[in-house]
Amino acid sequence: MNEPVTIYSIPTCSDCNHAKRYFQEHNIAYTDFNCEEDAAYAEEVRNLTGKQIVPTIVIGDKVFVGFAENLVEISELLIK
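Anyway, here's the lowdown on the structure attached to this text.

1. Things to note about the sheet that holds strand β2 (residues 31–34)
Strand order in the open sheet made by the 4 strands is β2-β1-β3-β4, with mixed pairing throughout. Whereas interior strands pair on both sides, the edge strands pair on one side only; in this sheet they are β2 and β4 (62–65). Averaged over all adjacent pairs, the angle separating strand axes in this sheet is 15°, with direction ignored. The sheet contact formed by strand β1 (residues 5–9) and β2 spans 4 bridges and is parallel. Its bridge partner lying in β2, T6 is registered against T31. On the sheet, helix α1 (residues 14–25) packs against β1, β2 and β3 (56–59) and is oriented at approximately 155° with respect to β1.

Structure follows, in C-alpha cells:
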C-alpha cells in the first residue's frame, strides 16, 4: 500500500478512534489532522466533502466520510 492515508478527526469521536486503532493494528502509516485543534483542518473537510463530518478519511484520491460504513472498501484498498 503506497497511497498516503489521511484522517481528519476529533479526539472524542469513537469512529475516528476506531479507524486510527485499525490503521495501527494493520501497520498502516497515516497522518491525523485534529479538526478540534485547527479550524483549517475542519475547513479542508468541508472543501473535500461539502460537510463537516469526522472521520473523513482520504486514501490517495478517494475520500470516505465515516469509517465503519466504509470499512470493507477501505480494507480492500489498504490490505493486500
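2. Regarding the environment of Y30
Within the secondary structure, Y30 is located in the loop between α1 and β2. A C-alpha to C-alpha distance of 14 Å links Y30 and H18, two positions 12 residues apart in sequence. With residues up to four places along the chain from it excluded, the contact list for Y30 reads V5, I7, K20, F23 and Q24. Looking at Y30, its side chain comes within polar contact range of the side chain of Q24, at 3.0 Å.

3. Things to note about the nonpolar core
If you look at the biggest cluster of nonpolar residues, it comprises 12 residues: V5, I7, A19, Y22, F23, I28, I57, I59, F64, F67, I74 and L78. Taken together, the elements giving at least two residues each to this core come down to β1, α1, β3 and α3 (71–78). The element best represented in this core is α1, accounting for 3 residues.

Reading the values: rules and limits
Residues numbered from 1 in each chain as written. Predicted model: local features only at pLDDT ≥ 70, side-chain atom pairs only at ≥ 80, totals over all residues. Heavy atoms only, no water. Pairing = 2+ DSSP bridges. Helix = DSSP H or I, 4+ residues; strand = E, 2+ residues; numbered from the N terminus. Axes fitted to C-alpha atoms, helices over the stretch in contact; angles between N-to-C directions. Contact = heavy atoms within 4.5 Å. Polar contact = N/O pair within 3.5 Å; in protein donor to acceptor, adjacent residues only side chain to side chain. Core = buried A, V, L, I, M, F, W, Y, C linked by side-chain atoms within 4.5 Å. Buried < 20%, exposed > 50% of the residue type's maximum accessible area, 1.4 Å probe, protein only.

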